[in-house]
Amino acid sequence: MSLPELRNLELRQLRYFLAVAEEMHFGKAATRLHMTQPPLSQAIQALEAILGAELFIRNTRNISLSSAGQALLPEVRRLLLQAQALPKLAQRAANGSCGHLSLAFVSIADYSILPPALREFRRHHADVHIELREATTDVQLLALENAEIDAGFLIPPVPEKLQGLLNYRKVLSEPLMLAVPESQVKGRKQLGLSDCADLPLILFPRKIAPALHDAILGCFHAAGLTPVIGQEAIQMQTIVGLVSAGMGIALVPQSVSNLQRPGVQYFDLPEASATVEIGLVWRQDNHSAVLAAFAHLFNQTFHSC
């Protein structure tokens, strides 16, 4: 079939074919379609001309499907069902009920805002395919700049050069806690920074989370202490794992205390006012309805705290 002929193919002709194939009678099919028989016969002939094959075997008493008609029938049913579903599909895509969302997150979000946010979003948008990617803040910012992801949970601030490109919404703020090897605790119920200032500090490299890095060091400086940097790690579970191995101490967001590792004990730091913030960031020029629905979730359900 040539392209010009294919362009002449209409859904109306396929519906006519289906009616005749199911009724096996032009007169009955015409009645079902609320039309007269002559234009129906002409439409079927036009369809046969476009397809280059006879669809019905006709005689003076009855008709039957030809081999071409038998092969075409299931495909026509499938195409008409798909066409019937198009308005609903378009409406659901327009309101964000279906589609795709590419979402990145820093590791600490996995212990706090990410699980409840995904559960709530999936409850209302079960047909959205969510692609998750764990990535540090610096990697997320580059991915957003290159439009490789739709949104990300990251640790602010957003660099000044990207503030005109990205939207930022604070979704969580939580205090820092002290994570200490159990071997250093000796049954104590309370512990402060001064009690373990001689132990190496395990923390994020500043280049991937400058705000968190500075907040942690600020806690020590506020207490008049200078920490000894022992190890740097970019994943929160790695930091806690190193504490568990007795490699040093760490200051971690409160939600990370849910990560119960053998050999680690967590302590509140009432003397430290430092907090870590997580925010949702996305491009201002991303007009995805799914993204808009996800961002709207935090207006309706989650409140920054």
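The structure this text deals with has already been given above.
Attention here is on the structure that accompanies the text. (Residues numbered from 1 in each chain as written. Predicted model: local features only at pLDDT ≥ 70, side-chain atom pairs only at ≥ 80, totals over all residues. Heavy atoms only, no water.)

**Description of the overall build of the protein**
- For the protein, the helix and strand inventory stands at 10 helices and 11 strands.
- Scaling as 2.2 N^0.38, a compact globule of 305 residues should have a C-alpha radius of gyration of about 19 Å, whereas the protein reaches 32 Å, well beyond that.
- Across its three principal axes, the protein shows a C-alpha extent of roughly 105 × 40 × 35 Å.
- Considering the protein as a whole, with its 305 residues, one finds that 45% of them fall into the buried category.
- In the protein, once contacts between residues fewer than 6 apart in sequence are set aside, the share between residues at least 24 apart is 73%.
- Surface exposure of the protein reaches about 15900 Å², of which carbon and sulfur atoms provide 52%.
- Positive and negative side-chain charges in the protein, numbering 25 and 27 respectively, have mean positions lying 9 Å apart. (Helix = DSSP H or I, 4+ residues; strand = E, 2+ residues; numbered from the N terminus. Rg over C-alpha atoms; globule rule 2.2 N^0.38 Å. Buried < 20%, exposed > 50% of the residue type's maximum accessible area, 1.4 Å probe, protein only. Contact = heavy atoms within 4.5 Å. Areas by Shrake-Rupley, 256 points an atom, 1.4 Å probe, with all protein chains shown as cover. Lys, Arg positive; Asp, Glu negative; His and termini not counted. Charge placed at Lys NZ, Arg CZ, Asp CG, Glu CD.)

**Some points on the side chain of Asp 150**
- Turning to its location among the elements, Asp 150 is positioned in the loop between helix H7 (137–145) and strand E5 (151–154).
- The buried charged residue Asp 150 lacks any salt bridge partner; its closest oppositely charged side chain belongs to Arg 283, at an N-O distance of 8.6 Å.
- Separated by 3.1 Å, the side chains of Asp 150 and Asn 286 make a polar contact.
- Among residues more than four places away in sequence, those in contact with Asp 150 are His 100, Leu 101, Ser 102, Leu 144, Val 281, Trp 282, Arg 283, Asn 286 and Leu 291. (Salt bridge = Lys/Arg side-chain N within 4 Å of Asp/Glu carboxyl O. Polar contact = N/O pair within 3.5 Å; in protein donor to acceptor, adjacent residues only side chain to side chain.)

**Comments concerning the environment of Arg 58**
- Looking at where Arg 58 falls in the secondary structure, it is placed in strand E1 (residues 56–58).
- Within the local environment of Arg 58, its side chain forms a polar contact with the side chain of Glu 48, the two groups lying 3.2 Å apart.
- A polar contact is formed between the side chain of Arg 58 and the backbone oxygen of Phe 56, at a distance of 3.3 Å.

**Topic: the pattern of salt bridges**
- Applying the stated criterion across every chain yields a total of 10 salt bridges.
- When the shortest N-O distance is used, the salt bridge between Arg 283 and Asp 285 registers 2.9 Å.
- Asp 285 sits in the partly exposed class, given a relative accessible area of 43%.
- Three or more residues joined by partner-sharing salt bridges are found here, namely Glu 22, Glu 23, Arg 32 and Arg 77.

**Overview of the environment of Asn 167**
- For Asn 167, the position within the fold is in strand E6 (residues 166–181).
- A relative accessible area of 26% means that Asn 167 is categorised as partly exposed.
- Sequence separation of Asn 167 and Leu 199 is 32 residues, and the distance between their C-alpha atoms is 40 Å.
- Asn 167 has contacts with Leu 280, Val 281, Trp 282, Arg 283 and Gln 284, leaving out every residue within four places of it along the chain.

**A look at the pairing of strand E3 (residues 98–105)**
- Counting buried positions over the eight residues of E3 gives six, a clear majority of the element.
- Relative to strand E4 (residues 127–134), E3 runs parallel, the two being bridged by eight bridges. Across the sheet, the residue bridging to Leu 103 is Leu 132, located in E4.
- In this view, the connection linking E3 to its parallel neighbour E4 by way of helix H6 (residues 114–124) has right-handed handedness.
- Looking at chain direction, E3 and E5 are connected through three bridges and run parallel. (Pairing = 2+ DSSP bridges. Right-handed = clockwise from strand over helix to strand, strands pointing away.)

**Topic: the packing of helix H2 (residues 11–23) against helix H4 (residues 37–51)**
- In contact at an axis separation of 9 Å, H2 and H4 are set at 110° when each is read in the N-to-C sense. In terms of axis orientation, H2 runs roughly perpendicular to H4. H2 and H4 meet at a crossing whose hand is left-handed. Where H2 abuts H4, its residues Arg 12, Gln 13, Leu 14, Tyr 16, Phe 17 and Val 20 lie against Leu 40, Ala 43, Ile 44, Ala 46, Leu 47 and Ile 50.
- Here the residues of the contact of H2 with H4 sort into 10 nonpolar, one polar and one charged. (Axes fitted to C-alpha atoms, helices over the stretch in contact; angles between N-to-C directions. Parallel < 35°, antiparallel > 145°, perpendicular 65-115°, else oblique. Left-handed = near helix turned anticlockwise from the far one by under 90°. Nonpolar A, V, L, I, M, F, W, Y, C, P; charged D, E, K, R; others polar.)

**Comments concerning H6**
- Those residues of H6 lying buried are Leu 114, Ala 117, Leu 118, Glu 120 and Phe 121. Relative to the axis of H6, the buried residues are bounded by an arc of 165° and lie together on one face. Away from its buried face by more than 90 degrees, H6 exposes Arg 119 and Arg 123. (Arc of directions from axis to C-beta.)

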